[in-house]
Amino acid sequence: MTIAVERRAFLRLVGAGAVITFAPKAFAHHGWSWAEGEQMELKGTIKAVSMAPPHPSLDVTAEDGVLWRVDLANPGQTQRSGFSGDTARPGDTVTVLGNRAKDRSKTWMKAVRVTIAGKNYDMYPDRIQTR
């Protein structure tokens, strides 16, 4: 084997190792397998808004006083829904339609629609389940 062929083989091996190491974590985070299939509606007051990657999020105090973490879509998709860093502020009333974590010990959900002041921000329009 020439040095160039050996180097390409080595780089392929390193690349395959990286995929095997990091792909499951990325898939688990970005997929929906961690969330229930049935959707729920959360009504409450926004406590905090974060537009930081990998997913913008809201901290919402539900009507029963429980604090929820609500993941929005990825930054680009969240922006395309019309939701930006100026859309919501702490103290705003919000309704979130989405899928909660299968692990019921966590008050965490993925939003498919966020409604603030009567305006819908559809993060995942194709996933919205009508009731």
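- An unreviewed UniProt entry annotates the protein as DUF6152 family protein of Labrys neptuniae.

**A closer look at the overall build of the protein**
Then, in step 1: The helix and strand tally for the protein stands at two helices and six strands.
Then, in step 2: What you see in the protein, going N to C, is helices and strands ordered as α-β-β-β-α-β-β-β.
Then, in step 3: The proportion of buried residues among the 131 residues of the protein is 32%.
Then, in step 4: Contacts spanning at least 24 positions in sequence make up 55% of the contacts within the protein whose residues lie at least 6 apart.
Then, in step 5: Summed over all atoms, the accessible surface of the protein reaches about 8,000 Å², with 57% contributed by carbon and sulfur.

**A word on the pattern of salt bridges**
Then, in step 1: Applying the stated rule across the entire model yields four salt bridges.
Then, in step 2: Between Glu36 and Arg104 there is a salt bridge, with its nearest N and O atoms 2.9 Å apart. Of the two residues, Glu36 is situated in the loop between helix H1 (3–30) and strand E1 (40–50) and Arg104 in the loop between strand E4 (93–100) and strand E5 (108–116); the sequence distance between them amounts to 68 residues.
Then, in step 3: Between Asp122 and Arg113 there is a salt bridge, with the nearest N and O atoms lying 2.5 Å from each other.
Then, in step 4: Judged by its relative accessible area of 24%, Arg113 is partly exposed.

**Some remarks on the pairing of strand E6 (residues 119–122)**
Then, in step 1: Where E5 lies against E6, four bridges are found, and the strand directions are antiparallel. Each bridged residue has a counterpart across the sheet, and for Val114 the counterpart in E6 is Tyr121.
Then, in step 2: Between E5 and E6, which pair antiparallel and follow one another directly, the connecting turn spans two residues, one of which, Ala117, has a positive phi of 50 degrees.

**Remarks on the pairing of E5**
Then, in step 1: The element E5 is largely enclosed, with a buried count of seven among its nine residues.
Then, in step 2: The pairing of strand E3 (residues 67–71) with E5 spans three bridges and is classified as parallel. What sits directly across from Val70, in E5, is Met109.
Then, in step 3: Pairing between E4 and E5: seven bridges, direction antiparallel.

Conventions and cut-offs
- Residues numbered from 1 in each chain as written.
- Predicted model: local features only at pLDDT ≥ 70, side-chain atom pairs only at ≥ 80, totals over all residues.
- Heavy atoms only, no water.
- Helix = DSSP H or I, 4+ residues; strand = E, 2+ residues; numbered from the N terminus.
- Buried < 20%, exposed > 50% of the residue type's maximum accessible area, 1.4 Å probe, protein only.
- Contact = heavy atoms within 4.5 Å.
- Areas by Shrake-Rupley, 256 points an atom, 1.4 Å probe, with all protein chains shown as cover.
- Salt bridge = Lys/Arg side-chain N within 4 Å of Asp/Glu carboxyl O.
- Pairing = 2+ DSSP bridges.

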